[in-house]
Amino acid sequence: MADLRAYVANCLMAGHTITHHSDTSWSRNVVEFKCAEKTFIFTQHDYIVKNQQNKFIGTFAETSEVLVKDVSANEVNTTLEELDRICWLLSFAGLSRVVRYGHDYPDGSNCGARNAAFGTAEYFRPSIEIKDGETIKSFVEQTYPSYVKLEKTRKLNVVFDYLTQAERYNQPTELRLIIAFTILENLKETFAQSKSIPYIKHHFCKRPKPEKGSDKYSFNELLHMMFQDIGMENNLKEIIELRNEIIHSGVSGKPADAQFVMYEKIHDIIREYILRLLNYHGNYLIYSSGSNTTATL
């Protein structure tokens, strides 16, 4: 069996273990993720480790090489799919669209592929302290099994992609809000489907043969059910009112700063919901604090 080397962009995390260089210098530039009975060894480029990434914000930034040892030829595609799942989790952790853009197999042979890839490196208010290699390693290894189980039924890659789109530099607040509302709609719909709630004539219904309007679940009711299912209680009145205002009129009469405060609240709710859904236990960053304070699950 041979080693596989892959190439990843927009991953701004710090390392977990130290590499000693021939000139006696060293750098904390390696994180090893043990997922799917394999070890994915991420080595970060120097400019990431030295915190020089700011000049690459908003660009497609080649940041990482990933080594997976002892991969048989018939395991290559499966291994790349597993790496892509890790990249999605890292995208959510850093709110930067982490993407695999190529690989070589066997390592060093220049036989492999380079992929058309998109996404930009962002570093605004990450979900997990990505500059702490121990924390990011724990997050990925804990949540990977749940992600595998839920990625298709709950469309988690769509949710993560929308979150990174909302966090792109200089995004208008109303557009951020529209994306956040779309995420809630997406999560609500996949929740209802996962609970086998009847879907009749474009509505989720409380019984298989609805006879009146009250037999249909409202957006509000389904959201409350979704959050209660994982032990969350939230007052959604303001959020739903703003959602209705923007969706129906395209703009909001609220001042820009009030809109952003509302966006912060929605993002906090979505962030906690996803972490609970993924069965994460540990510290995470609170968006509305500027990701400067932590909460624990």
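Right above here is the structure, for reference.
A brief structural summary.

Cut-off values and rules
- Residues numbered from 1 in each chain as written.
- Predicted model: local features only at pLDDT ≥ 70, side-chain atom pairs only at ≥ 80, totals over all residues.
- Heavy atoms only, no water.
- Core = buried A, V, L, I, M, F, W, Y, C linked by side-chain atoms within 4.5 Å.
- Buried < 20%, exposed > 50% of the residue type's maximum accessible area, 1.4 Å probe, protein only.
- Contact = heavy atoms within 4.5 Å.
- Axes fitted to C-alpha atoms, helices over the stretch in contact; angles between N-to-C directions.
- Helix = DSSP H or I, 4+ residues; strand = E, 2+ residues; numbered from the N terminus.
- Parallel < 35°, antiparallel > 145°, perpendicular 65-115°, else oblique.
- Nonpolar A, V, L, I, M, F, W, Y, C, P; charged D, E, K, R; others polar.
- Pairing = 2+ DSSP bridges.
- Salt bridge = Lys/Arg side-chain N within 4 Å of Asp/Glu carboxyl O.

## Remarks on the nonpolar core
Thinking step 1. The biggest cluster of nonpolar side chains holds 79 residues, and the ones touching the most others in it are Phe42, Leu90, Phe139 and Phe160.
Thinking step 2. Contacts of Phe160, omitting those with residues within four sequence positions, involve Trp88, Leu89, Phe92, Tyr147, Ile274 and Leu278.

## Thoughts on the packing of helix 5 (residues 173–194) against helix 6 (residues 219–229)
Thinking step 1. In the contact formed by helix 5 and helix 6, the axes pass within 10 Å of each other and the chain directions differ by 75°. Between helix 5 and helix 6, the angle falls in the class roughly perpendicular. Contact residues: helix 5 offers Leu184, Glu185, Leu187, Lys188, Phe191 and Ala192, while helix 6 offers Phe219, Leu222, Leu223, Met225, Met226, Phe227 and Asp229.
Thinking step 2. Among the residues making up the contact of helix 5 with helix 6, the classes are represented as 10 nonpolar, no polar and three charged.

## Structural notes on the sheet that holds strand 2 (residues 17–20)
Thinking step 1. If you trace the seven strands from one edge of the open sheet to the other, you get 2-3-4-5-1-6-7, paired in antiparallel fashion. The sheet terminates laterally at strand 2 and strand 7 (112–114), the two strands that pair on one side only. Along the sheet, successive strands turn relative to each other by an average axial angle of 30°, direction set aside.
Thinking step 2. Pairing analysis gives five bridges linking strand 1 (residues 2–9) to strand 6 (residues 99–104), with the strands arranged antiparallel. Considered in strand 6, the bridge of Arg5 is made with Asp104.
Thinking step 3. The strands that helix 2 (residues 76–94) touches are strand 1, strand 3 (26–35), strand 4 (38–44), strand 5 (62–71) and strand 6; relative to strand 4, the one it contacts most, it runs at about 55°.

## Digging into the pattern of salt bridges
Thinking step 1. This model, assessed by the stated rule, comprises 15 salt bridges.
Thinking step 2. A salt bridge links Arg97 to Asp161, with the shortest nitrogen-to-oxygen separation between them at 3.6 Å. You can see Arg97 sitting in the loop between helix 2 and strand 6 and its partner Asp161 sitting in helix 4 (residues 156–166), a full 64 residues away along the chain.
Thinking step 3. Among the residues examined, Arg97 registers a relative accessible area of 11% and is labelled buried.
Thinking step 4. Connected through shared salt-bridge partners, Arg5, Glu65 and Asp107 make up one network.

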